[in-house]
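These are the residues of each chain, in order.
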Amino acid sequence: MIAPDEPFLGSLSKRWIPREMITPPALDRKQQVGPVEPHYALLINPFYSKDANASFGKHVLTPSLALTSFAATTPEHWRVEYWDENLLDGRPPFRPMPGVVGITVHLTFARRAFELADWYRARGAKVVFGGLHVLSCPDECAPHADALALGDGVQLWPRILGDIEANTLQSRYLATYENDYREDPSPRRSLLPRRSFLTTTSLIATRGCHNRCGFCYLATDGLRIPYRMRHPRQVVEEFKADDQPYAVFIDNNLGSRRDYLHSLCAALRPLNKIWSAAVTIDVTDDPGLIRNMALAGCTGVFVGFESLSDDNLADSHKKTPKTSDYARRVRILHDYGIQVNGSFVLGFDHDRKDVFARTAEWIEENRLECATFHILTPYPATPLFRQMEAQERILHRDWALYDTGHAVFQPKHMTAEELEHGYAWIYQRLFSHASIWQRRPDEWQAIPLYLAMSYLYKRSNRFWHWLIKHDLVNPVWKPLVEMTRWRHLRYRRGLAQHASPVAAAGQVVSAGV
Ligand code: B12
Ligand code: SF4
């Protein structure tokens with residue numbers, strides 16, 4: 001039992017973080033550059049500051065598809081390069097100077113995106129922005145770019161490049177997400193540095209979500225993403241083509257349409273590979289689906305529980321089962337050998353100072369292998385932002401701090417400082433030796449692997465930093481991933497022979513993002 005006031009009884013130890021994980025590489029203002037290569041496009045994922053409380057591993061688990069998805073539509077006579085500043089290889093290249101620089105912009109790294117854009121534009125490149133922040137705050141982005149892509153980049157990118165060639169570039173381009181998702185080409189994963197990510201196979205099978213929670217970016221004004229699915233065959237082909245044993249689905253909610261997930265699982269099963277995905281907990285309404293997921297290689301799910309208070313969930317308009325039934329549903333997943341990475345949002349209006357102790361206790365009691373915490377963050381242009389603004393509770397608009405690790409609004413039943421302290425406490429609690437041990441699997445055979453994984457993921461930020469710096473993430477993790485796959489295949493063979501779940505073999509790869 002954790003006392004409700006335990007998080008506030010003492011001070012917390014300061015977490016280690018190297019400078020290069022909180023400060024972007026410098027851009028030399030006096031730098032001279034050579035001539036521009038007109039048909040060379042450089043695509044940049046800008047630097048963002050990391051949170052010392054969480055695992056550095058999550059940033060190199062799997063890449064975002066923001067840039068590779070539309071890179072696939074680049075005409076053949078263009079040369080494309082990809083640069084992710086978060087891989088700690090320094091600032092993006094400029095020799096030769098790209099004719100076009102495409103940058104994805106989220107609110108947390110908008111400032112860095114603007115700095116990069118100003119730097120490249122001053123030296124002759126055309127800069128194109130796209131991504132979530134461009135959609136929610138276009139007027140803030142416009143002064144820093146030659147063109148804004150508002151909406152689906154897959155449709156817009158070839159048009160933009162064509163207009164650059166014809167010298168008819170417009171300042172704004174607009175595309176909806178109404179089109180047939182099955183017509184999109186596969187993302188161009190060959191651009192990615194393979195050694196730098198645990199797996200380069202970020203897959204996406206569906207777009208949108210059947211929910212519309214008030215705090216989610218999917219509720220952004222003007223953003224309409226109807227539910228769309230790729231053909232299971234396309235997903236399978238992409239998985240095979242990238243030749244990795246493990247994939248991470250980055251869909252908002254892979255379980256939105258259960259009939260679809262059943263058919264996707266049937267298509268994935270013969271691959272004998274493993275994967276993880278984000279789903280809502282209502283997938284457990286259908287235990288047959290959970291069984292099929294396990295048989296198809298699912299080793300972990302990332303579940304947005306958000307809160308253990310029904311009132312908070314009702315306020316957010318999240319359609320979800322009662323929280324009193326969450327524990328039973330977690331057991332269904334565990335029974336089929338599927339790890340649960342629970343995502344929790346802290347600071348809702350019904351949260352009091354005991355929320356941190358209560359949440360930690362529930363996670364330990366139900367032996368969630370992993371948990372991710374977020375301070376409630378009102379993203380601009382969402383219903384939550386409008387509500388907070390109307391109530392004069394927004395503390396500032398420094399978007400860099402809208403990273404779910406900072407309190408940017410006035411919580412109802414505690415101070416902003418208490419919310420940040422509780423957030424740091426709960427991470428430290430869940431990453432502690434005692435908590436890791438308490439959540440160990442029942443089967444003793446599974447314990448050594450569980451401990452190895454937990455310590456590597458949760459307590460080894462120095463090691464992660466070293467792996468990232470030396471491009472060793474994939475080579476070092478690959479044997480562990482392969483070991484997990486073998487164990488999972490053995491488990492699946494047993495499961496296939498029984499109508500009911502069989503004892504889980506214990507997994508290694510942590511679920512989701
Ligand atoms: C993969 C992922 C990650 C990865 C990689 C992140 C990275 N920046 O490299 C990891 C695990 C590291 C991560 C971390 C975090 N993430 Co994240 N992540 C995602 C996830 C699951 C998938 C992103 C993706 O690939 N989408 C698919 C692509 C195809 O869609 P897209 O990005 O919108 O791109 C399309 C268009 O926007 C456009 N486009 C985009 N960029 C450009 C650029 C140009 C030039 C053009 C023409 C077009 C264009 O074209 C694309 C095709 O249509 C999303 C949720 C989601 N499903 O989108 C969350 C999401 C982006 N993450 C989010 C958050 C909050 C975080 C964290 C802050 C969480 C945390 N506390 O740790 C961190 C920190 C990252 C940060 N500061 O930005 C939020 C962002 C909310 C917001 N309003 O900004 C999201 C939306 C999740 C959510 N439901 O809230 N994340
Ligand atoms: S269920 Fe998840 S992805 Fe869907 S709207 Fe709610 S928070 Fe967003």
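K.L.:
Which parts of the structure should I look at to understand the sheet that holds strand E10 (residues 246-249)?
P.N.:
Within a sheet, neighbouring strands are paired by backbone hydrogen bonds and run either parallel or antiparallel to one another. Spatial strand order, E7-E10-E11-E12-E13-E14: 6 strands in an open sheet with parallel pairing. Where the open sheet ends on each side, the last strands, each with one partner, are strand E7 (202-203) and strand E14 (370-375). Examined bridge by bridge, strand E12 (residues 298-306) and strand E13 (residues 339-346) share 6 bridges and lie parallel to one another. Along E13, the bridge assignment pairs Gly304 with Ser343.

K.L.:
Teacher, can you tell me more about the packing of helix H6 (residues 232-242) against helix H7 (residues 258-268) here?
P.N.:
Helix packing for two helices is described by the angle between their axes and how far apart those axes are. Where H6 contacts H7, the two axes come as close as 9 Å, and the packing angle between them is 40 degrees. Our classification of the angle between H6 and H7 gives oblique. Considering the relative orientation of H6 and H7, their crossing is right-handed. Between H6 and H7, the contacting residues are Pro232, Val235, Val236 and Phe239 on the first element and Tyr260, Ser263, Leu264, Ala267 and Leu268 on the second.

K.L.:
Whenever I open this one, the pairing of E10 confuses me. Can you help?
P.N.:
Both faces of the sheet carry side chains from a regular strand, because those side chains alternate between them. Residues Tyr246 and Val248 line one face of E10 and the alternating positions Ala247 and Phe249 line the opposite face, and both faces are buried. For E7 and E10, the ladder comprises 2 bridges, and the chain directions are parallel. Paired with Leu203 across the two strands is Phe249, which belongs to E10. As defined by bridge partners, E10 adjoins strand E11 (residues 274-279) across 3 bridges and the pair is classed as parallel. Directly across from Ala247, in E11, lies its bridge partner Trp275. Read as a crossover between parallel neighbours, the route from E10 over H7 to E11 is right-handed.

About the criteria used
Residues numbered from 1 in each chain as written. Chains lettered and ligands numbered in written order. Predicted model: local features only at pLDDT ≥ 70, side-chain atom pairs only at ≥ 80, totals over all residues. Heavy atoms only, no water. Pairing = 2+ DSSP bridges. Helix = DSSP H or I, 4+ residues; strand = E, 2+ residues; numbered from the N terminus. Axes fitted to C-alpha atoms, helices over the stretch in contact; angles between N-to-C directions. Parallel < 35°, antiparallel > 145°, perpendicular 65-115°, else oblique. Left-handed = near helix turned anticlockwise from the far one by under 90°. Contact = heavy atoms within 4.5 Å. Buried < 20%, exposed > 50% of the residue type's maximum accessible area, 1.4 Å probe, protein only. Right-handed = clockwise from strand over helix to strand, strands pointing away.

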